[in-house]
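Notes for the structure review
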Amino acid sequence: MGTAMKLLSLAPASLIAAIASSSSANEGDGEGARAQCSLYLAQSTIPHAGLGMFTGVPLERGQYVGFGDPAIPILDMDFHAGGSMQKEDYHWLISEYVWMAKEMGADMSSEADTTSAFSSGFGALPNCHFRLKNIGETPVMHDAAGIGRADVGAGAFTPYHNRSTYTLTSLEAGSELFVDYGINWFLSREADMGLVPVDSSYPPATKFVKAAERLVETISAESMRDDSMERAMVDLWAFVKQSPYKSRPLSAVPTEYSVAQRAFEVGIQQTELEQSIRSLDYLNEHGKCVDNIKSGASTIPHAGRGAFATKSISKGGYISISPLLHIPERQTLDMYADAFDSETGEELGERDFSKPTGHQLLRNYCFGHRSSTLLLCPYAPGVQFINHNEAPNAKFVWSEDPVFHNSSWLEEPVPFFDNVWSANLAIEYVAISDINEGDEIFIDYGAEWQGAWTKHVAQWQPPEGAESYMSPQQLTDDPSIVIPTQDEDGSMMGSINIWCWISPDSIAADHHTWKEGNDWENGIEYHVDKILFRTPSDDGSHKYTVELNVGEDGEPSVPYVVVDVPRKALAFYQNSYASEVHIEGAFRHEMMIPDAMFPEAWKNVVA
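A few points on the structure. Everything numeric here is computed off the predicted structure, so don't read it as measured data.

If you trace the 3 strands from one edge of the open sheet to the other, you get β4-β6-β5, paired in antiparallel fashion. Only two strands of the sheet have a single partner each, and these edge strands are β4 (72-75) and β5 (98-100). Within the sheet, the average angular offset between the axes of one strand and its neighbour, ignoring direction, is 40°. Where β4 and strand β6 (residues 115-118) come together, 4 bridges link them in antiparallel fashion. By the bridge assignment, Leu75 is partnered in β6 with Thr115.

Viewed as axis vectors pointing N to C, helix α9 (residues 257-266) and helix α10 (residues 268-275) meet at an angle of 125°, and their least axial separation amounts to 7 Å. Comparing their axes, α10 and α9 come out oblique. In the crossing of α9 with α10, the sense of the turn from one axis to the other is right-handed. Between α9 and α10, the contacting residues are Val259, Arg262, Ala263 and Val266 on the first element and Ile268, Gln270, Thr271, Glu274 and Gln275 on the second. Here the residues of the contact of α9 with α10 sort into 4 nonpolar, 3 polar and 2 charged.

Turning to a negative patch on the surface, a few remarks are in order. Together, Asp78, Glu88, Asp89 and Asp192 line one region of the surface with negative charge. Along the chain, the position of Asp78 falls in helix α3 (residues 77-81).

Moving on, we come to the packing of aromatic side chains. Inspection of the entire model under this criterion finds 15 aromatic pairs. Measuring from centroid to centroid gives 5.6 Å for Trp409 and Phe416, while their planes differ by 70°, and the two rings are edge-to-face. Overall, the relative accessible area of 8% leaves Trp409 in the buried class. With relative accessibility at 24%, the residue Phe416 sits in the partly exposed group. Ring geometry for Phe417 and Trp602: centres 5.7 Å apart, planes at 80°, overall edge-to-face. Remark: Trp602 occurs in the segment after β30 (591-592) and Phe417 occurs in the loop between β22 (394-398) and β23 (425-431); sequence separation between them is 185 residues. Of the two residues, Phe417 and Trp602, neither departs from the other in class, the shared state being buried. Taken together through their ring pairs, the aromatic side chains of Trp398, Trp409, Phe416, Phe417, Phe598 and Trp602 make up a single cluster. Directly above the ring of Tyr202 sits Arg131, whose terminal nitrogen or CZ lies 4.2 Å from the centroid.

Judged from the 8 bridges that link them, strand β26 (residues 524-536) and strand β27 (residues 542-549) form a sheet pairing that is antiparallel. Directly across from Phe533, in β27, lies its bridge partner Thr545. Connecting β26 to the antiparallel partner β27 that follows it, the hairpin turn spans 5 residues, and Gly540 within it adopts a positive phi of roughly 95°. Sheet topology places β27 next to strand β28 (residues 559-566); 6 bridges connect them, and they run antiparallel. Counterpart to Asn549 in the pairing with β28 is Pro559.

A separate point is the state of the cysteines. For the structure shown, the criterion picks out 2 disulfides. Paired by a disulfide, Cys366 and Cys377 hold their sulfur atoms 2.1 Å apart. Measuring the twist about the S-S bond at about 90°, one finds the Cys366-Cys377 disulfide to be right-handed. Of the two residues, Cys366 is situated in the loop between β18 (347-359) and β19 (367-368) and Cys377 in strand β20 (residues 375-378); the sequence distance between them amounts to 11 residues. Along the protein, the cysteines engaged in disulfide bonds are linked according to the scheme 1-2, 3-4 when indexed in sequence order.

Before going further, it helps to examine the sheet that holds strand β2 (residues 51-55). Taking strand neighbours across the sheet as the criterion, the 3 strands line up as β2-β1-β13 in an open arrangement whose pairing is antiparallel. Because the sheet does not close on itself, it has two edges, and the strands there are β2 and β13 (288-289). Pairing of strand β1 (residues 39-43) with β2 involves 5 bridges; the strand directions are antiparallel. Paired with Tyr40 across the strands is Phe54, a residue of β2.

Basis of the calculations
Numbers given to residues run from 1 along each chain, matching the order in which its sequence is written. With the structure being a predicted model, the display of local features is reserved for residues of pLDDT at least 70 and the display and counting of side-chain atom pairs for 80 or more, all residues being used for whole-chain, interface and lining totals. Each side-chain value is derived from all of the structure's non-hydrogen atoms; neither hydrogens nor water enter the calculation. Paired strands, as defined in this entry, are two strands with at least two bridges between them according to DSSP. For helices the rule is a DSSP run of H or I covering at least 4 residues; for strands it is a run of E covering at least 2, with both sets numbered from the N terminus onward. Convention adopted: a line fitted to C-alpha atoms gives each axis, helices being fitted over their contacting stretch, and angles between N-to-C directions are expressed from 0 to 180 degrees. Should an angle fall under 35 degrees it is taken as roughly parallel, and over 145 as roughly antiparallel, whereas 65 to 115 is taken as roughly perpendicular and any remaining angle as oblique. A crossing counts as left-handed when the near helix is turned anticlockwise from the far one by less than a right angle, and as right-handed when that turn is clockwise. Throughout, a contact is declared for two residues whenever any of their heavy atoms are within 4.5 Å. Each residue receives one of three labels: charged for Asp, Glu, Lys and Arg, nonpolar for Ala, Val, Leu, Ile, Met, Phe, Trp, Tyr, Cys and Pro, and polar for the others, Gly being one of them. Nonpolar side chains (Val, Leu, Ile, Met, Phe, Trp, Tyr) are joined into patches within 5 Å and like charges within 9 Å, using only residues with over 30% relative accessible area and no salt bridge. Accessible surface is estimated by sampling points in the Shrake-Rupley manner with a 1.4 Å probe; for residues, cover comes only from the protein chains shown. Salt bridge, as used here: a side-chain nitrogen of Lys or Arg that lies within 4 Å of a carboxyl oxygen of Asp or Glu. Positive charges come from Lys and Arg alone, negative charges from Asp and Glu alone, with His and the N- and C-terminal ends not counted. For this purpose, a charge sits on NZ of Lys, CZ of Arg, CG of Asp or CD of Glu. The pairing test for Phe, Tyr and Trp rings, Trp by its six-membered ring, is centres within 6.5 Å, and the orientation test on the planes gives stacked under 30 degrees, edge-to-face over 60, and tilted for anything in between. For every residue, the accessible area obtained with a 1.4 Å probe (protein chains only) is divided by the maximum for its type, and the residue is called buried under 20%, exposed over 50%, and partly exposed between those limits. Ring-over charges, as used throughout, are those where CZ of Arg or NZ of Lys falls within 6 Å of the ring centre and within 35 degrees of the ring normal. In plain terms, two cysteine sulfur atoms within 2.5 Å form what is called a disulfide here.

What follows is the structure, given as structure tokens:
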């Protein structure tokens, strides 16, 4: 069973069935269903939370939302940047928008010693509300879109894609979409965000509201029976909420007395649900549609995936908006080899500045300018799939909507951004020619990017073994591929880790023959140290004799030989530092902001 399927199997069976039955939603439902915007970016209903995502159409439980997002692995960030992002040794606003790699699935966490994932769209835009969580996300898929390791585009784009979003409950049009960041996300940011209510905050908050209701009933019955009672309660409620003795339960109590009155009737959670829904009129007037792009195989050679229009867009028409995350110093994305002691040869755990190894893949997804150290990284559904073309059909411009874009920041010098820990810049993508539904969308990355790509193509040297290399995904998807034994040429395996799915009961009982049984679903993966032999099966496939490592953590490995292992019981994973993301010489270059729109205040590099 692959990693993605194992993670998805943790969801309730009824929800998985609902997702499966709605899979067509990810493919588009025809012109009629596409007539209105299905997904908006607008001001969140959570005070001071910035932007949020909203559905423009009613959704059933288990229905897909949007079209799937990419996930960009960020590798050993503290090591390469030379400090701690938690201690703010370097400015890394993106830390507020990344996920732990293990949350992505597809074995992304094995990419490096420490790996995080920047997943644009639903991985970065929805807010968290513990009581109103209404969307979940599938694990990412991992494949290189048909781009082999010998291809000049190898390693130039993320192989992690299609992190799809689905509803956990039915939703009415205008509902804000909420995910679960995990309680630790808020606990670690208490100094900046205050005491955000968590699940455990609501029972005492509910108890407080019920006590307040009884107080109102008592006072109403025994004393004031006119508007003075209402005014007194409004003042009293404001006094309580403004108490200097803050707590998470107090934060969960409604801010306004009028809302508290509603909570007397229906409870806190229902009032929060009602307040989390915006009217479609509001979203059309104050929001931005973000459902015009979906990914697919690019028509550009070597590019991997591209962005395609989900509806026809006339020349001059709006395509999408994208907020921007700033990186004040582009060198933050530089990567280096490990430094070693010149006498002992021991690893020092620090960078060797004399041995740069390249740049974080994220650089390919950011905008920059030759006269500045500032990089700007867009995040919105689909925009990271937009490829370069010297004859583009779209362009990007600064947004003129103050809800999304603070134009005063265009006048601030780069050091200003070192002290800014929020995103308040945005660009909009606009059609410069008619775009039909299904057309690939292109922008011009700039002459410098094109020059760097041309040079890369001319100098490209494929890594050793690139022609014969098989990826874990290929080995998983095609069971007819014969796995070499220890005595055969294993170059096609590159640096693939093989694991064997086997019943722990078989190990405990010292059974050395692999057996199909009721405990298959409860099996455990053990690392395959060696594939000793291979024998043909009656069905044309092969069975394998493998040597497993069944040692417990912290104990010496114990060789254990199992025979008659079927191909389906073998799982394949990439070794750390060996995926296409790590290919030496893989293309890295930011997209370029045109001179005409780049602010003078940001030019801090002397030519």
